[in-house]
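Structure at a glance
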Amino acid sequence: MNLKKIKAMPFAPFRRESMERWRVTVKEPVVDGERLLVVDFLENTACNVYARNTPSFRIVCAKKSKEVRGINHEGRIQQKVLDCFSGSMWWNGYVLISPREEKLLQRFLKSTETGNHQLDNLQKWVAQTREYMKKTDRKERGELMDEDYRLCPEALPEGMIDYIRREVLPEDRVIIYKKGNVLGTCSVCGANVYSKNRRFMQGARVNCPNCGTRVSCVLENGSVFAANYIENIVAVQKGTDGETVFFRQWLLRRDNSARWEHIEDFLQETARYAIRGNKTAKWQKQGKESYYMRTGRYELDEWTRWQDNRIYDGSYFFYPGGIEEALSGTAMQYADLEGYLEEGGYRNAIYFLEYHAKYPVIEFLWKTGYRNIVHNRIFGMDRENRNAILWERKKLKECFKFPLRILKLMPPEEWKLDDVKRANYLWKNYGERITDAEMRMALQSRTDVQSLTGAMPYAGIGKILKYIQKQTEKRKEEKGHTTYTPEGIIRAYRDYLRECEQLHFDLHDKEILFPKDLTAAHARTMAQVEFEKNKADQEKFRKAVEKLEKFAWSEGEFFIRPAREQMELTAEGKALHHCVGGYIKRMAEGETAIFFLRKANEPDKPFYTLELQKKRVIQCRTEHNASYDRNPDVKNFVDMWMEKVVKKGGNKKAKEAAA
C-alpha cells in the first residue's frame, strides 16, 4: 500500500465545548489504481483530558490488497494507532459523524448491520484484516504458522517409557503422607509406612521406616509441585513434514500408590516447541498462574500458540532417544548436544539447540572453547550485554565489534559475555591506540572500564589500570581500612574525577589525574565541592536577607530583625531548643522568612524566633517551642509590628504613609 499521498493529507482538529471527543471524516482516494478508505479521527481540542493521551489519528483500509495501516497525528505509520482503535467501548456517545460518512463506511464494509455509526463494524473489519496480514507476513518470512502444531507426531517416542522407569523414577525420593501426618507411601520401595518418632512434616528430610532411604516429606494433594507431579520430561521428534523438529514436554503426574504399572497413563503433554530452519514457535495445552507462593494450573481447550519461548516449568529430564534422526538434515545436526549435557549443572538442551539453529556463531563458539559465552547467551544475558555480539551475522568477523585477534588475548575458557562487552567498549573508545598488553590487562582485571571514562581522554587505559592497582595495594596496607577492593577504588576514583571537572581542575596535570593518595585527594575535592555549593547558597541567603531588612523595627523594650547569617539560625535553634536551624535552605530559596525578636537590653541573647510567610505570622516561639501567645507583652509587640510595618510593606513605606 503506497501511503506517500495519504500521509501528506492534513489533519484538521476542531474545538467544540461539548462531550464529543472525536469528529470522524471519511475519504475514498484512488492510489495506484486501488480505491482506499481513509478514516480520520479528529480530536476535539476542548477535551484536553482525553486529547492529551490520544491525539488525532488516521486509519487507511485497502480491501483489494487486504491491508490496514494506522497513521498518527504527526504523519507517521504506527502500530499502536491500530491498538488504540481496537477497543470500541469508548466510541459510544463521544463521536460526531455525519450521515454521509456513515453511508461511505457501510458501503465499504458491505454491512447490513446498523448502530454505533458503523464504527463497531469497522473495528471488526480492522481486527480481521490485521490477523490476515499477520498470517501472510509470517508465511512470507517462513515463520511457523499457528496450526503447525499438528505436524507433531502424537505417539510417544520409542523407548521413552523404559527411560522413565530407568532414569526418572529412581530420582524421585519422597514420602507422600496423608492428613494426620502419620501414614504415607514411600516412592522408593512403594510401601505404606507409619512415622515412628515424629509426625511427617512438609519438606522435612527423613529415612523411610521401611527401606531406610533418605526421602523428603510431601503432603498428598498439597500446594507444592512434588505433591502432584514428579518432573517434566522432554523428547525430540521430527514432524510429519520431515522439516520441523519438535521438542515435546510432558508432566509426569504422581502415582500415589508408587506401583507405576502403566506409566503412559500418568504422562500429560503440556508444551510443544518447534524449530524449522532458524524459526521457532511454542504451543501450550496447559496454562498456569502463580499467586501467593502457589501455582494454579488450568487446562486449555486446544493447543495454543504462546508468544514467549521460555521453557514451561523450567527444569526437566531430557530423553536422548532418537535425537540423531530428528536433527539430521537441520542446522542442529552438528550441535555437540552430548558435550553440552555432560558439563553438569542445570542445562537447557532446548535453548542450546534453538540458538544453534538461530545463530551460526554458536557452533563456532562452542567448538572452539568459548563455552561460557554460549552459557551466558542461554541463561545469563541481560539488557546491558544483549548486543555485545551481533548474533545474527553470518560471518564470524562480522559478529564481533573488535578484531578477532583480541579473542586470543585470553584463553577461550576464560571469556564471558561481560568480557566481550568490555572489549567492545575499549575498542570503541581507543581503537588501534590501545595495545594488546593494555587490552589483556583490562580483560584479566575484570574492571568496570566504563566507570573510568572520565580518565580516558587524559591517559591510556594501561596507566589508569596500573594506578587503580597501586591504590588498591596501598589501601590493603593500611590497617583497618575497609575500602581496599578494586571496585571500591574505582568508584572513589570515578567520583574524584567528576569533582575535579566540577572544580575546573586541569586533568592534563598528572599530579591531579593520578594523586599519590586517592582517598585524601577525594576527601579534599568533596569538601571543596560542598564549599562551592554552600557559597552559592550563602549568596542566595544574603540576597533574601537584604529584602527583609525593611521589616526591622523597634518599639519600647523589644526589637525585631531578620536572621542575617546562616550560623545565626543554627545558634538560635541550639539556644532555644527548636528546629529553626533547618530553615536555612527554605529561607535562601525565598519560601519563608525568619526573624529574631530580642529584648533591647539583651540584643545578642535569643528570645523569640518568628516565621513570616506572605505577610502572615506562621509561628513565633521561644524555648522548647513555647508560643508567643503566652506572653501578652510579646504578643502586643508582634501585633503592632504586623500592623505598622509588615502590612504596609516595610519601614520606608510606613513612614511615607504616615507623612
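Here the structure is a predicted model, which is why all the values come from computation and not from measurement.

A few points about the pattern of salt bridges
- Enumeration over the complete set of coordinates arrives at 44 salt bridges.
- R405 serves as the salt-bridge partner of E432, at 3.6 Å between the closest nitrogen and oxygen. Within this pair, whereas E432 is found in the loop between α13 (417-430) and α14 (436-445), its partner R405 is found in the loop between α12 (396-399) and α13, the two being separated by 27 residues in sequence.
- Under the relative-accessibility criterion, E432 is labelled exposed at 63%.
- Overall, the relative accessible area of 35% leaves R405 in the partly exposed class.

Some remarks on the sheet that holds strand β9 (residues 183-186)
- The strand order across the open sheet formed by 5 strands is β10-β9-β8-β12-β11, and the pairing between neighbours is mixed. Strand pairing shows two members of the sheet lacking a second neighbour, β10 (192-194) and β11 (205-207), which therefore form its edges. Taking each pair of neighbouring strands and ignoring which way they run, the sheet shows an average axis angle of 40°.

Re the packing of helix α9 (residues 349-358) against helix α11 (residues 371-380)
- Running from amino to carboxyl end, α9 crosses α11 at an angle of 110°, the nearest separation of the two axes being 10 Å. Considering their axes alone, α9 and α11 lie roughly perpendicular with respect to each other. Across the interface between the two elements, Y351, F352 and Y355 from α9 touch V374, R377 and I378 from α11.
- In terms of residue class, the contact of α9 with α11 is built from 5 nonpolar, no polar and 1 charged.

Quick look at the nonpolar core
- Ranked by size, the top nonpolar core spans 78 residues in total, and within it F247, W415, I461 and Y493 carry the most contacts.
- Counting 33 residues, the second largest nonpolar core, distinct from the first, contains F558, M587, L612 and V638.

Quick notes on α14
- For α14, every residue scored as buried is listed here: E438, M439, A442 and L443. One side of α14 holds all its buried residues, which, seen down the axis, span an arc of 130°.
- Of the surrounding elements, those touching the buried residues of α14 are α13 and α15 (461-477).

Comments concerning the sheet that holds strand β23 (residues 616-621)
- Pairing within the open sheet is antiparallel, and its 5 strands lie in the order β19-β20-β21-β22-β23. Strand pairing shows two members of the sheet lacking a second neighbour, β19 (553-555) and β23, which therefore form its edges. Taken over all neighbouring pairs, the strand axes of this sheet differ in orientation by 20° on average, direction set aside.
- Sitting on the sheet, helix α19 (residues 566-576) touches β20 (558-562), β21 (593-599), β22 (608-613) and β23, and the angle it makes with β21 is about 60°.
- The sheet strands contacting helix α21 (residues 632-646) are β19, β20, β21, β22 and β23, and the helix crosses β19 at an angle near 130°.

What about unusual backbone geometry?
- Residues other than glycine seldom take positive phi values, yet H504 does so here, at roughly 60°.
- Residue placement: H504 occurs in the loop between α16 (486-502) and α17 (510-513).
- Taking relative accessible area as the criterion, H504 reaches 72% and is therefore assigned exposed.
- With phi around 60°, K615 is a residue other than glycine that occupies positive phi space.
- Its location among the elements puts K615 in the loop between β22 and β23.
- Looking at K615, the relative accessible area reads 45%, which means it is partly exposed.

Quick word on the environment of K421
- Relative to the assigned elements, K421 resides in helix α13.
- Placed 254 residues apart in sequence, K421 and E167 show a C-alpha to C-alpha distance of 41 Å.
- Apart from residues lying up to four places away in sequence, K421 is in contact with E384, N385 and A388.

Describing the side chain of D255
- Tracing the sequence through the fold places D255 in the loop between β14 (245-253) and β15 (267-276).
- Although buried, D255 forms no salt bridge, and the nearest oppositely charged side chain, R259, lies 6.0 Å from it.
- A polar side-chain atom of D255 sits 2.6 Å from a polar atom in the side chain of S257.

So, empty space enclosed by the protein
- A complete count under the given rule lists 2 cavities of 30 Å³ or more for this structure.
- One number sums up the size of the largest cavity: a volume of about 50 Å³.
- Lining of the largest cavity is provided by D172, I176, T185, C186, S187, R254, D255, N256, A258 and W260.

Thoughts on the layout of surface pockets
- In this structure, the largest pocket encloses a volume near 520 Å³.
- In terms of lining residues, the largest pocket is bounded by 20 residues, among which F318, I323, L337, E338 and L341 are the most central.
- At the level of elements, β18 (317-319), α7 (323-327) and α8 (337-342) are the ones that each hand at least two residues to the lining of the largest pocket.
- Here the lining of the largest pocket is composed, by residue class, of 12 nonpolar, 4 polar and 4 charged.
- Taken as a whole, the second largest pocket holds about 340 Å³ of empty space.
- Considering the residues around the second largest pocket, the lining is formed by 16 residues, among which L548, G590, T592, A593 and L612 are closest to the centre.
- Secondary structure elements with two or more residues in the lining of the second largest pocket: α18 (518-548), α20 (584-588) and β22.

A short note on the environment of T244
- With respect to the secondary-structure elements, T244 resides in the loop between β13 (229-238) and β14.
- For T244, a relative accessible area of 0% translates into the label buried.
- Along the primary structure T244 and L144 are separated by 100 residues, whereas in three dimensions their C-alpha atoms are 9.1 Å apart.
- Residues in contact with T244, not counting those within four places in the same chain, are L144, L151, Q237, K238, G239, A274, I275 and R276.
- A distance of 2.8 Å separates polar atoms of two side chains, one belonging to T244 and the other to D241.

Regarding the packing of aromatic side chains
- Applying the stated criterion to the full structure yields 29 aromatic pairs.
- Pairing F400 with F402 gives two aromatic rings, centres 5.6 Å apart and planes at 50°, and the pair type is tilted. Note on accessibility: F400 and F402 belong to one class, buried.
- Considering the side-chain rings of W553 and F637, the 5.3 Å spacing of their centres and the 25° angle between planes classify their relative orientation as stacked.

Parameters at a glance
- Residues numbered from 1 in each chain as written.
- Predicted model: local features only at pLDDT ≥ 70, side-chain atom pairs only at ≥ 80, totals over all residues.
- Heavy atoms only, no water.
- Salt bridge = Lys/Arg side-chain N within 4 Å of Asp/Glu carboxyl O.
- Helix = DSSP H or I, 4+ residues; strand = E, 2+ residues; numbered from the N terminus.
- Buried < 20%, exposed > 50% of the residue type's maximum accessible area, 1.4 Å probe, protein only.
- Pairing = 2+ DSSP bridges.
- Axes fitted to C-alpha atoms, helices over the stretch in contact; angles between N-to-C directions.
- Parallel < 35°, antiparallel > 145°, perpendicular 65-115°, else oblique.
- Contact = heavy atoms within 4.5 Å.
- Nonpolar A, V, L, I, M, F, W, Y, C, P; charged D, E, K, R; others polar.
- Core = buried A, V, L, I, M, F, W, Y, C linked by side-chain atoms within 4.5 Å.
- Arc of directions from axis to C-beta.
- Lys, Arg positive; Asp, Glu negative; His and termini not counted.
- Polar contact = N/O pair within 3.5 Å; in protein donor to acceptor, adjacent residues only side chain to side chain.
- 1 Å grid on protein atoms, 1.4 Å probe; cavity = no way out; pocket = protein on both sides within 12 Å on 5 of 7 lines; lining within 4 Å.
- Points joined across faces, edges and corners; volume = space filled by probe spheres on them.
- Phe/Tyr/Trp six-rings, centres within 6.5 Å; stacked < 30°, edge-to-face > 60°.

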